[in-house]
Number of protein chains: 2
Amino acid sequence: MQSPIDDIDRKIMKLLQHQARMPISQISQMVAMSQPAVKERIMKLEEKGFITGYRTEFNLQRLERGTTSFILMKTEQCQALVDFCEQAPEVTDLHRISGEFNYLIKVKTASVEELADFQDSIAGMGPSKSLISLKNLLENRVVL
Amino acid sequence: MQSPIDDIDRKIMKLLQHQARMPISQISQMVAMSQPAVKERIMKLEEKGFITGYRTEFNLQRLERGTTSFILMKTEQCQALVDFCEQAPEVTDLHRISGEFNYLIKVKTASVEELADFQDSIAGMGPSKSLISLKNLLENRVVL
DNA sequence: CCTGAAAATATATCGCC
DNA sequence: GGCGATATATTTTCAGG
């Protein structure tokens, strides 16, 4: 089940990475292989779990999520924090981490004021430290 | 240019969000609107910048990127750090941040050993602190 | 695993409301 | 903005190597 992916698979993955809606016919030309063959390779990449999904990306500035921040949190109410973050739309990432703080939360709010509101809402769970992103130089990049 | 998106646009965006390859014909049925109308709405969402792209997601475990870590960095060699991170495939995110540390780097490596290697490679630029993700509870989530 | 060709779907382009 | 109808393109299926 640890299937070896070859160069053509890799090429297909690179083509799809930033253009998930690219038609198979077009990929077929680029990798010089018939459409059914490309289709089958894509299906196998999905079945084997290399490809986990196709996402549409939105401009978060336009969706009132232009301010990115990271909150380091130290809490003993783990389940409560997880539950809270899961239902909070501002939270995009939640990691259990090593070190003094035990959770790292990534938050996208409309403004720093909203970040303050969010911080207030979790203040009861323990001490936190927030890091505001002044500039997103790279975000969610995957180099294949 | 600050075009108002309506409920149907929002519905289309939600449908596409996690299934970017969904055919327009199918979306058309779900929102009870003709295919040309749906197509036009999607094009406008793209033109107006609400939709910024279509991405394929990969299983990072299978691509030797199963270990997620965050590195807080304090450096004065800003441009050097940015240049280095841009060409380092392990780096998925790079943020200029407020606070004592001035950069936050998100890194995906095959193992913690590789994280150590990465840390060594930037050690010359200034003091750093690394936070290893023990569990990815949420990652790159966008709630529309 | 791949190909080629035919059948089934999906998309693009109309003219018109 | 949106609809329906049609022409074009794409995808799926399948027999055969």
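This text goes with the structure placed above it.
To start, this report covers the structure provided alongside it. Fair warning: this is a prediction, and the values are worked out from it, not measured in the lab. (Residues numbered from 1 in each chain as written. Chains lettered and ligands numbered in written order. Predicted model: local features only at pLDDT ≥ 70, side-chain atom pairs only at ≥ 80, totals over all residues. Heavy atoms only, no water.)

## Digging into the overall build of chain A
- When helices and strands are counted, chain A shows 5 helices and 5 strands.
- Scanning chain A from its N terminus toward the C terminus, one meets helices and strands in the order α-α-α-β-β-α-β-β-α-β.
- For chain A, the C-alpha radius of gyration of 20 Å lies well beyond 15 Å, the compact-globule estimate for 144 residues.
- Taken along the three principal axes of its C-alpha coordinates, chain A extends 60 × 35 × 25 Å.
- Considering chain A as a whole, with its 144 residues, one finds that 46% of them fall into the buried category.
- Nonlocal contacts in chain A, meaning residues at least 24 apart in sequence, comprise 63% of its contacts between residues at least 6 apart. (Helix = DSSP H or I, 4+ residues; strand = E, 2+ residues; numbered from the N terminus. Rg over C-alpha atoms; globule rule 2.2 N^0.38 Å. Buried < 20%, exposed > 50% of the residue type's maximum accessible area, 1.4 Å probe, protein only. Contact = heavy atoms within 4.5 Å.)

## Examining the environment of T56 of chain A
- With respect to the helices, strands and loops of the structure, T56 of chain A is situated in strand β1 (residues 51–58).
- Relative accessible area serves as the criterion here: at 4%, T56 of chain A is assigned to the buried category.
- Between the alpha carbons of T56 of chain A and P36 of chain A there is a distance of 25 Å; along the sequence they are 20 residues apart.
- Beyond its immediate sequence surroundings of up to four residues, T56 of chain A is in contact with L16, Q17, A20, I51, G53 and Y54 of chain B.
- Among the polar contacts listed, one links the side chain of T56 of chain A to the backbone oxygen of L16 of chain B, at a separation of 2.9 Å. (Polar contact = N/O pair within 3.5 Å; in protein donor to acceptor, adjacent residues only side chain to side chain.)

## Here we look at the side chain of Q17 of chain A
- The residue Q17 of chain A is located in helix α1 (residues 7–17) in this model.
- Once you skip the residues sitting within four places of it in the chain, Q17 of chain A turns out to touch V142 and L144 of chain A together with Y54, R55, T56 and F58 of chain B.

## Some remarks on the sheet that holds strand β3 (residues 91–97) of chain B
- If you trace the 8 strands once around the closed barrel, you get β2(A)-β4(A)-β3(A)-β5(B)-β2(B)-β4(B)-β3(B)-β5(A), paired in antiparallel fashion. For this sheet, the mean inter-axis angle between neighbouring strands, taken without regard to orientation, is 35 degrees.
- Taken together, the 4 bridges between strand β3 (residues 91–97) of chain A and strand β5 (residues 128–138) of chain B define a ladder with antiparallel strand orientation. Across the sheet, I97 of chain A pairs through a bridge with S133 of chain B, a residue of β5 of chain B. (Pairing = 2+ DSSP bridges. Axes fitted to C-alpha atoms, helices over the stretch in contact; angles between N-to-C directions.)

## Quick word on the side chain of R55 of chain A
- Inspection of the secondary structure assignment puts R55 of chain A in strand β1.
- A residue is classified by how much of its surface remains accessible, and R55 of chain A, at 16% relative accessible area, is buried.
- Within the structure, the side chain of R55 of chain A is placed 2.6 Å from the backbone oxygen of N140 of chain B, a separation counted as a polar contact.
- Not counting chain neighbours up to four residues away, the residues in contact with R55 of chain A comprise L16, Q17, H18, A20, G53, Y54, R55, E57, E139 and N140 of chain B.

## Side note on the protein's contact with DNA strand D
- As a structural note, the neighbourhood of DNA strand D is formed by P23, I24, S25, Q35, P36 and K39 of chain A together with M33, S34, P36, A37 and R41 of chain B.
- A distance of 2.9 Å separates a phosphate oxygen of DNA strand D from a polar backbone atom of I24 of chain A.
- Separating a phosphate oxygen of DNA strand D from a backbone N or O atom of S25 of chain A is a distance of 2.7 Å.
- If you list the elements that add at least two residues to the surface near DNA strand D, you get α2 (24–30) and α3 (35–47) of chain A together with α3 (35–47) of chain B.
- When grouped by side-chain class, the residues that make up the surface near DNA strand D number 6 nonpolar, 3 polar and 2 charged. (Near = heavy atom within 4 Å. Nonpolar A, V, L, I, M, F, W, Y, C, P; charged D, E, K, R; others polar.)

## Considering the nonpolar core
- The biggest cluster of nonpolar side chains holds 38 residues, and the ones touching the most others in it are I27 of chain A together with I27 of chain B.
- Residue assignment for this core shows that the elements contributing at least two residues are α1, α3 and β1 of chain A together with α1 (7–17), α3 and β1 (51–58) of chain B.
- Not counting residues within four places of it along the chain, the set of residues in contact with I27 of chain A comprises I12, L15, L16, M22, V38 and I42 of chain A. (Core = buried A, V, L, I, M, F, W, Y, C linked by side-chain atoms within 4.5 Å.)

## Considering the state of the cysteines
Residue and element names in this part refer to chain A.
- Counted by the stated rule, this structure contains 0 disulfides over all chains.
- You can see C78 has no disulfide; the closest cysteine sulfur is in C85, sitting 11 Å from it.
- Taking the relative accessible area as the measure of exposure, C78 reaches 23% and is therefore partly exposed. (Disulfide = S-S within 2.5 Å.)

## What to know about unusual backbone geometry
- With a phi close to 60 degrees, E64 of chain A is a non-glycine residue in the positive phi region.
- In this structure, E64 of chain A sits in the loop between β1 and β2 (67–73).

## Regarding helix α5 (residues 112–122) of chain B
Residue and element names in this part refer to chain B.
- The set of residues buried in α5 consists of L115, F118 and I122. Down the axis, α5 shows its buried residues gathered within 60 degrees of arc, on one side only. Those residues of α5 that are exposed and angled more than 90 degrees off the buried face are E113, D117 and D120.
- Check the buried side of α5 and you find it contacts β2 (67–73), α4 (78–87), β3, β4 (103–109) and β5. (Arc of directions from axis to C-beta.)

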